[in-house]
Amino acid sequence: MCYRNMKKTLSEEVIKDLMGDALAVSQLEREWEQLKEDRTILRSIFPTGDSKVVLPCNLQRMIWNAQKIFRIDTHKATDLHPIKVVEGNINYLNKNKVNDCSFNHM
């Protein structure tokens, strides 16, 4: 992780915490790899990158709501710890898994 890039978005306290925790760094690296894989998959589904594709949710509004809920000022470094974000995302995805629609009939 590049200290200079982290300093632009994270508070000094969060950066120190991350730099001293190898487990947190590896968890963030795994999350980054997953994001890159997801991006590749989405690019195969939406090859033109057309932003007018209808999604089942208003993504811009979801991001705006999250910024308001967590009091994120996009012009300042945040004290929101990235590991809490990753863990919250994992918990949310586990609670909202899409189940297989095929039913086993007896």
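We now turn to the structure provided with this report. What you see as residue numbers is a count from 1 along each chain, following the sequence as written. Where totals are concerned, whole chains, interfaces and linings use all residues; where local detail is concerned, this predicted model gives features only for residues with pLDDT of at least 70, and gives and counts side-chain atom pairs only at 80 or more. Each side-chain value is worked out from all heavy atoms of the structure, with water and hydrogens disregarded.

What to know about the overall build of the chain
Spelled out, the test is: Helical segments are the DSSP runs of H or I of at least four residues, strand segments are the runs of E of at least two, and each set is numbered from the N terminus. Exposure categories follow from relative accessible area, calculated using a 1.4 Å probe and restricted to protein chains: below 20% of the type maximum is buried, above 50% is exposed, and the middle band is partly exposed. Every residue pair with non-hydrogen atoms within 4.5 Å of one another is taken to be in contact. Values of accessible area rely on a 1.4 Å probe in the Shrake-Rupley scheme; residue burial ignores everything except the protein chains shown.
Helix and strand counts for the chain stand at five helices and zero strands. Going from N to C terminus, the chain has its helices and strands arranged as α-α-α-α-α. Across the 106 residues in the chain, those meeting the buried criterion constitute 15%. Put simply, of all contacts in the chain between residues at least 6 apart along the chain, 65% involve residues at least 24 apart. Accessible surface, the chain: about 9600 Å² in total, of which carbon and sulfur atoms supply 57%.

A few points about unusual backbone geometry
Excluding glycine, residues mostly have negative phi values, and the peptide bonds linking residues are mostly trans. In this structure, Arg71 is a non-glycine residue whose phi angle is positive, near 50°. One can find Arg71 in the loop between helix 4 (59-69) and helix 5 (82-95). Look at Arg71 and you get exposed, because its relative accessible area is 75%.

Focus: the nonpolar core
Filter applied, for reference: To define a nonpolar core, start from buried Ala, Val, Leu, Ile, Met, Phe, Trp, Tyr and Cys residues and group those joined through side-chain atoms within 4.5 Å.
Core analysis: the largest hydrophobic core is formed by nine residues, namely Met6, Leu10, Val14, Ile15, Leu18, Ala24, Leu28, Ile83 and Val86. When contributions to this core are tallied by element, the ones reaching two or more residues are helix 2 (12-19), helix 3 (22-45) and helix 5. If we ignore the near neighbours within four places in the chain, the residues touching Val14 are Thr78, Asp79, His81 and Pro82.

Overview of the side chain of Glu31
Rules: In this charge count, Lys and Arg are treated as positive and Asp and Glu as negative; neither His nor the chain ends contribute. Should a side-chain nitrogen of Lys or Arg be within 4 Å of a carboxyl oxygen of Asp or Glu, the pair is scored as a salt bridge.
In this fold, Glu31 is placed in helix 3. In this structure, Glu31 is buried with no salt-bridge partner, the nearest side chain bearing the opposite charge being Arg30 at 7.6 Å.

Some points on helix 5
Short version of the rule: Expected span, for any helix, means 1.5 Å times one less than how many residues it has. Each C-beta atom gives one direction from the helix axis, and the arc is the one those directions make.
Counted at 1.5 Å a residue, the expected span for helix 5 with its 14 residues is 20 Å, and the 20 Å between its end C-alpha atoms agrees. For helix 5, the full list of buried residues reads Pro82, Ile83 and Val86. Buried residues in helix 5, looked at end-on, bunch into an arc of 105°, giving them a common side. Along helix 5, the residues that are exposed and aim more than 90 degrees away from the buried face are Lys84 and Lys95. Where helix 5 is buried, its residues touch helix 2 and helix 3.

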